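What follows is each chain in one-letter form.
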Amino acid sequence: MSFFTNLFGNSEEGNSSKVAWRMLTDLGQLNELIELSHQQPVLIFKHSTRCSISRFALKTFENEYDFTAEELQPYFLDLLQYRTISNEIAHRFGVMHHSPQILMIKEGKCVYDESHDGIEVEGLKRFLG
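Everything quoted here is computed from the prediction, not taken from an experiment. (Residues numbered from 1 in each chain as written. Predicted model: local features only at pLDDT ≥ 70, side-chain atom pairs only at ≥ 80, totals over all residues. Heavy atoms only, no water.)

**Here we look at the overall build of the protein chain**
Then comes step 1: Tallying secondary structure elements over the protein chain gives five helices and five strands in all.
Then comes step 2: The linear arrangement of helices and strands in the protein chain, starting from the amino end, is α-β-α-β-α-β-α-β-β-α.
Then comes step 3: Burial statistics for the protein chain: of 129 residues in total, 43% are counted as buried.
Then comes step 4: For the protein chain, long-range pairs separated by at least 24 residues make up 65% of all intrachain contacts whose partners lie at least 6 apart in sequence.
Then comes step 5: Total accessible area on the protein chain is roughly 7200 Å²; 49% of this is exposed by carbon and sulfur atoms. (Helix = DSSP H or I, 4+ residues; strand = E, 2+ residues; numbered from the N terminus. Buried < 20%, exposed > 50% of the residue type's maximum accessible area, 1.4 Å probe, protein only. Contact = heavy atoms within 4.5 Å. Areas by Shrake-Rupley, 256 points an atom, 1.4 Å probe, with all protein chains shown as cover.)

**Digging into the side chain of S99**
Then comes step 1: As for its position among the elements, S99 is in the loop between α4 (83-93) and β4 (101-106).
Then comes step 2: When neighbours within four sequence positions are excluded, S99 is seen to be in contact with H47, S48, S54, L79 and H116.

**Comments concerning unusual backbone geometry**
Then comes step 1: Note the cis peptide between S99 and P100, where omega equals -5°.
Then comes step 2: Positive phi is not limited to glycine here, since H116 has a value of about 50°.
Then comes step 3: With respect to the helices, strands and loops of the structure, H116 is situated in the loop between β5 (109-115) and α5 (121-125).
Then comes step 4: Judged by its relative accessible area of 32%, H116 falls in the partly exposed class.

**Comments concerning the side chain of S86**
Then comes step 1: Counting through the fold element by element, S86 comes out in helix α4.
Then comes step 2: Look at S86 and you get buried, because its relative accessible area is 0%.
Then comes step 3: A polar contact of 3.2 Å, which involves the side chain of S86, links it to the side chain of H97.
Then comes step 4: Beyond its immediate sequence surroundings of up to four residues, S86 is in contact with K46, L77, L79 and H97. (Polar contact = N/O pair within 3.5 Å; in protein donor to acceptor, adjacent residues only side chain to side chain.)

**Remarks on a negative patch on the surface**
Then comes step 1: Side chains of E64, D113, E114, D117 and E120 sit close together on the surface and give a patch of like negative charge.
Then comes step 2: Checked against the element boundaries, D113 lands in strand β5.
Then comes step 3: We classify D113 as partly exposed; its relative accessible area is 32%. (Patch = residues over 30% accessible without salt bridge, like charges linked within 9 Å, V, L, I, M, F, W, Y side chains within 5 Å. Salt bridge = Lys/Arg side-chain N within 4 Å of Asp/Glu carboxyl O. Lys, Arg positive; Asp, Glu negative; His and termini not counted. Charge placed at Lys NZ, Arg CZ, Asp CG, Glu CD.)

**With respect to the packing of helix α2 (residues 28-36) against α4**
Then comes step 1: Interaxial distance between α2 and α4 falls to 10 Å at its minimum, and their mutual angle equals 40°. Between α2 and α4, the interaxial angle falls into the category oblique. Two packed elements cross with a definite hand, and for α2 against α4 that hand is right-handed. Where α2 approaches α4, its residues L30, N31, L33 and I34 are matched on the opposing element by I85, E88, I89, R92 and F93.
Then comes step 2: Of the residues that constitute the contact of α2 with α4, the class distribution is six nonpolar, one polar and two charged. (Axes fitted to C-alpha atoms, helices over the stretch in contact; angles between N-to-C directions. Parallel < 35°, antiparallel > 145°, perpendicular 65-115°, else oblique. Left-handed = near helix turned anticlockwise from the far one by under 90°. Nonpolar A, V, L, I, M, F, W, Y, C, P; charged D, E, K, R; others polar.)

**Focus: helix α3 (residues 52-64)**
Then comes step 1: Its 13 residues place the ends of α3 18 Å apart at the C-alpha level, agreeing with the 18 Å of an ideal helix rising 1.5 Å per residue.
Then comes step 2: Taken together, the buried positions of α3 are occupied by S54, R55, A57, L58, F61 and E62. Projected down its long axis, α3 carries its buried residues within an arc of 165°, all on one side. (Expected span 1.5 Å × (residues − 1). Arc of directions from axis to C-beta.)

Here's what the structure looks like:
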């Protein structure tokens, strides 16, 4: 296996993530996740499948992820395939679009967003509880 495959993963392999991602593929799901955020925090991970930086951030984040489904509900957005959803996220939550990017939604509002090398599990922990 090559160095780059070890570092960035192989897109042809099955998803071995320990994160129970819900795929964000429809604008209607935004309303659902906003409603859900009134009961528990929701995470949105916006990922560019063509960007090695985004892939590295995703893999690092997945390796560090240690939340239960009761603590945090994770959603995954392939922003190249669903750019209209990404644009609507920026509009609804008043955040600037970045890739990669994570957002934590609580009580219908974005309480935390980070991008690139700022994406880390420890940052999210301050907003849970």
